[in-house]
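Structural overview
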Amino acid sequence: VSSRTAGPEILRLIDLLAKLPGLGPRSARRAALHLLKKPDQLLNQLAAALADAADKVVACSICANFDTVNPCSICSAPGRDASIICAVEEVGDLWAMERSGVFRGRYHVVGGTLSALDGIGPDQLNISKLVERAGSGEVREVILALNATVDGQTTAHYITDRLSHLPVKVTRLAHGVPVGGELDHLDDGTIAAAMASRR
Ligand SMILES: [Zn+2]
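Let me begin by describing the structure that accompanies this report. (Residues numbered from 1 in each chain as written. Predicted model: local features only at pLDDT ≥ 70, side-chain atom pairs only at ≥ 80, totals over all residues. Heavy atoms only, no water.)

Focus: the packing of helix H2 (residues 25-37) against helix H3 (residues 39-56)
At a closest axis distance of 6 Å, the pairing of H2 and H3 adopts a crossing angle of 115°. The orientation of H2 relative to H3 falls into the category roughly perpendicular. Across from His34, Leu35, Leu36 and Lys37 in H2, the residues of H3 making contact are Pro39, Leu42, Leu43 and Leu46. Residue composition of the contact of H2 with H3, by class: six nonpolar, one polar and one charged. (Axes fitted to C-alpha atoms, helices over the stretch in contact; angles between N-to-C directions. Helix = DSSP H or I, 4+ residues; strand = E, 2+ residues; numbered from the N terminus. Parallel < 35°, antiparallel > 145°, perpendicular 65-115°, else oblique. Contact = heavy atoms within 4.5 Å. Nonpolar A, V, L, I, M, F, W, Y, C, P; charged D, E, K, R; others polar.)

Quick notes on a nonpolar patch on the surface
A surface patch of nonpolar side chains, about 230 Å² in accessible area, is lined by Val1, Ile10 and Leu36. When you line up the elements, Ile10 lands in helix H1 (residues 8-17). Judged by its relative accessible area of 31%, Ile10 falls in the partly exposed class. (Patch = residues over 30% accessible without salt bridge, like charges linked within 9 Å, V, L, I, M, F, W, Y side chains within 5 Å. Areas by Shrake-Rupley, 256 points an atom, 1.4 Å probe, with all protein chains shown as cover. Salt bridge = Lys/Arg side-chain N within 4 Å of Asp/Glu carboxyl O. Buried < 20%, exposed > 50% of the residue type's maximum accessible area, 1.4 Å probe, protein only.)

Digging into the coordination of the zinc ion
The coordination sphere of the zinc ion contains the protein donors Cys60 (SG), Cys63 (SG), Cys72 (SG) and Cys75 (SG), at a distance range of 2.3 Å. Each of the four donor atoms bound to the zinc ion contributes to angles spanning 105 to 115°, and the resulting shape is tetrahedral. Linear spacing of the donor residues for the zinc ion on their chain is C-x2-C-x8-C-x2-C. A residue pair is termed long-range when its members are at least 10 positions apart, and Cys60 in the loop between strand E1 (58-59) and strand E2 (66-67) and Cys75 in the loop between E2 and strand E3 (81-88) qualify at 15 residues. The pair formed by Cys60 and Cys75 is uniform in burial state, with each residue classed as buried. (Donors = N, O, S within 2.8 Å, 3.2 Å for Na, K, Ca; no water. Tetrahedral: all angles 85-135°; square planar, octahedral: opposite > 155°, others 65-115°.)

Some thoughts on the environment of Gly137
The residue Gly137 is located in the loop between helix H5 (128-134) and strand E5 (141-144) in this model. Sequence separation of Gly137 and Asn44 is 93 residues, and the distance between their C-alpha atoms is 49 Å.

As for the packing of H1 against H2
Relative orientation of the contacting elements H1 and H2 amounts to 125°, with a least axis distance of 8 Å. Regarding the angle of H1 to H2, the classification is oblique. Helix-helix and strand crossings are classified by hand; for H1 and H2 the assignment is right-handed. The residues of H2 that touch H1, namely those facing Ile10, Leu13, Ile14 and Leu17, are Pro25, Ala28, Arg29, Ala31, Ala32, Leu35 and Leu36. Looking at the contact of H1 with H2, its residues break down into ten nonpolar, no polar and one charged. (Left-handed = near helix turned anticlockwise from the far one by under 90°.)

Structure (structure tokens):
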């Protein structure tokens, strides 16, 4: 597709689709065509859903989960145990934990992992806020449910260190999370087992 074969609106659509994870220029062209061929069932509805999400979704000021209310519905749910915080890398990991239904406490989305290679230090992550929450007095346990990658484990070590002066128990998901595994790829039973045998 070039500016001679398609208008700027179509080129812009393709360029933006190509920025999505897993989509390169070729699949972005296919996706754009697919949308344009189904204006009523797909394109218009997707446009409305995107506008709605852009308008209403915010990151929770306590835990950084995405929701349409702030604090998010998990942070404000009275039935959830405020004394246990489960720290995860991304909102997708929180979703995986929630799908498994094994955790009834609250979350903290760290926002990634420390990475010397990518120049990501503690200040680029949502860690100070976690330390602050853990020191508030109502928290007795922080579960580090970071992914079993090298960066994930480095980050877990760092957070454990930052929490060491506080009277909170710091636990980690036990084996069951395979090395290099990500929470989002695990089935519910595996997450439940890892949660039950945390140390
Ligand atoms: Zn929240």
